[in-house]
Amino acid sequence: GVFFLFQALLSVLVLPANLGTRIALEKRISENNRPGQMLTTGVLLKCGLVVPVVLAVLALSDVIDGYLGMELAIYLAIAIPLQEAAMTMNNVVRGELRVGETALIELSYIVVWVGVGVLLMNFGFGVIGLVYAVIAGYTVQFGYGFLKRDTPFHRPNLSCAQSIIEYAKYSIVPEIDGEIHSWMDVLIIGYLLTQAAVGAYEVAWRISMPVLLTAGAISLVLFPQISAWDAEESIASIENVIPAALTPSLALVFPAFFGGLLFAPEILGFIFGLEFTIASTALVILLAGKVPEAVQSIVGKALLGINRPDLVTRAASLDIVLNLVFNFVFIVQFGLVGAAVGTTLAVTIGTALRIHYLSRFLTLQVPYRDLGWCLFCSVIMFLVLFSLRATVGIETLPQLLLAVGFGVVLYCTLLVFYEPLRIQIVRQTRAMFVS
């Protein structure tokens, strides 16, 4: 619970150190208009934002330490500029339309964080060991990203600063919305409930997150590509790519929800411990919420790509208000379940508004048949696994893993019976091995 609160505060405090400048820098570099000057100017702007945040953290260290339950404010002040620098390098490489290469950059953080964290935990460092691992991970990620970038540093320019600020001012609220969606429920749980509740809920949240891997990867690719198409006024290309992105984005979400509906207590209990099963219902609700979240990741990036961050800002403003209100009201009434319900409702309403905005500029087509087949396969998988559980029972971790593995095989097998999806899967598999 202490470490999750540290991560939550880090993510929230990075917001004023960013203020939309990262996504603005990615946008301007993707347009290939004075990228070197944009990079240097953007870095200088960012330094002007990071320093006051770090000074404020140091000034309020006693308050922060009291909230976290440990003296970690000094490490927070170190981690903020490191995380911001590392993430900025990611955005620069994405702006160069080299999104695939950022996978290794981000992986470097994960490998170092896990490796150093496990090592220090085994030597008895406890929570502070995980914090050291975070700092080490962002240091390596920044260094790797800095070396991977192709954009050179050129003399800064006032017009570049104005261009970045012009885009960033509309990106501030969407950036805040993303972090509030990820962390606000945890921060409120930490204030209203206990650190044990924080730990259980955040574990459930993180279990639900991998189902968005495909949607997240696609959205990262979409933004700079749609931005480039928008600069070329290639509207047809944008309209064609959105429905093509929706099916793979949701293909993992449907079976994950039904799997969670069936095995949520076993997943939390067998892997993490019985005390974590208090978040079982919350896990199911969070998995359901990944459906609108996956759609939002595609639609939101499309709006940003066609240079309408103002509309994303309007939708994100509503998200933030609803998230705060729903979480406070529902957590007080229903605990962890209330946090999951509040977050899911907020993201659903925000997604609907983004779809409405995007439909003003583009003709949106929904691949109903493809998505319907994915949903049908998920239901069949659920019914088979439900019968298996009722007949054999799931009482150990190996049995759970076997059941999940069987469900994956069954779902994938059913999926390829539908010819349009089978053609897509074969095409993408061949392309992956050729590349």
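Whatever comes next refers back to the structure up there.
Residues numbered from 1 in each chain as written. Predicted model: local features only at pLDDT ≥ 70, side-chain atom pairs only at ≥ 80, totals over all residues. Heavy atoms only, no water.

S.K.: Quick question: what am I supposed to make of the environment of Glu71 here?
M.R.: The residue Glu71 is located in the loop between helix H4 (61-68) and helix H5 (73-95) in this model. As for Glu71 and Ile128, which are separated by 57 residues in sequence, their C-alpha atoms are 9.5 Å apart. (Helix = DSSP H or I, 4+ residues; strand = E, 2+ residues; numbered from the N terminus.)

S.K.: Would you mind showing me how to read the packing of aromatic side chains here?
M.R.: Note on aromatic pairs: each is described by the distance of the centres and the angle between the planes. Taken as a whole and judged by the stated rule, the model has 15 aromatic pairs. Between the aromatic rings of Phe272 and Phe276, the centroid separation amounts to 5.9 Å while the plane-to-plane angle is 50 degrees, which identifies the pairing as tilted. Accessibility expressed as a relative area gives 37% for Phe272, which makes it partly exposed. Note on Phe330 and Phe334: the rings are 6.4 Å apart at their centroids and 40 degrees apart in plane angle, and the pair reads as tilted. Of this pair, Phe330 and Phe334 both sit in helix H14 (residues 309-334), four residues apart, which is roughly one turn of the helix. Taken together through their ring pairs, the aromatic side chains of Phe257, Phe258, Phe382 and Phe386 make up a single cluster. Taking the ring centre of Phe146 as reference, the NZ or CZ of Arg149 above it sits at 4.3 Å. Over the face of the ring belonging to Trp205 we find Lys290, whose NZ or CZ atom lies 3.9 Å from the ring centre. (Phe/Tyr/Trp six-rings, centres within 6.5 Å; stacked < 30°, edge-to-face > 60°. Buried < 20%, exposed > 50% of the residue type's maximum accessible area, 1.4 Å probe, protein only. Lys NZ or Arg CZ within 6 Å of the ring centre and 35° of its normal.)

S.K.: For this particular structure, what's the right way to read the environment of Cys412?
M.R.: For Cys412, the position within the fold is in helix H17 (residues 397-415). A sequence separation of 86 residues divides Cys412 from Phe326, and the C-alpha atoms of the two residues are 37 Å apart.

S.K.: So what exactly am I meant to see when it comes to the pattern of salt bridges here?
M.R.: Across all of its chains, the model carries seven salt bridges by this definition. A salt bridge links Arg22 to Glu84, with the nearest nitrogen and oxygen atoms 2.8 Å apart. Here the residue Arg22 occupies a position in helix H2 (residues 21-30), and Glu84 occupies one in helix H5, the gap between them amounting to 62 residues. Here Glu84 falls in the buried class, since its relative accessible area comes to 1%. In this structure, the salt-bridge partner of Glu106 is Arg94, at a minimum N-O distance of 2.6 Å. Of the two residues, Glu106 sits in helix H6 (residues 102-122) while Arg94 sits in helix H5, which places them 12 residues apart along the sequence. (Salt bridge = Lys/Arg side-chain N within 4 Å of Asp/Glu carboxyl O.)

S.K.: What should I look at first to understand a nonpolar patch on the surface in this one?
M.R.: Together, Tyr191, Leu192, Leu193, Val321, Val325, Phe328, Val329 and Val332 give the surface a local cluster of nonpolar side chains, amounting to about 720 Å² of exposed area. Looking at the nonpolar patch, the elements with two or more residues in it are helix H8 (158-192) and H14. A per-element tally of the nonpolar patch places H14 first, with five residues. Checked against the element boundaries, Val329 lands in helix H14. Here Val329 falls in the partly exposed class, since its relative accessible area comes to 43%. (Patch = residues over 30% accessible without salt bridge, like charges linked within 9 Å, V, L, I, M, F, W, Y side chains within 5 Å. Areas by Shrake-Rupley, 256 points an atom, 1.4 Å probe, with all protein chains shown as cover.)

Keep in mind these values describe shape, not function.
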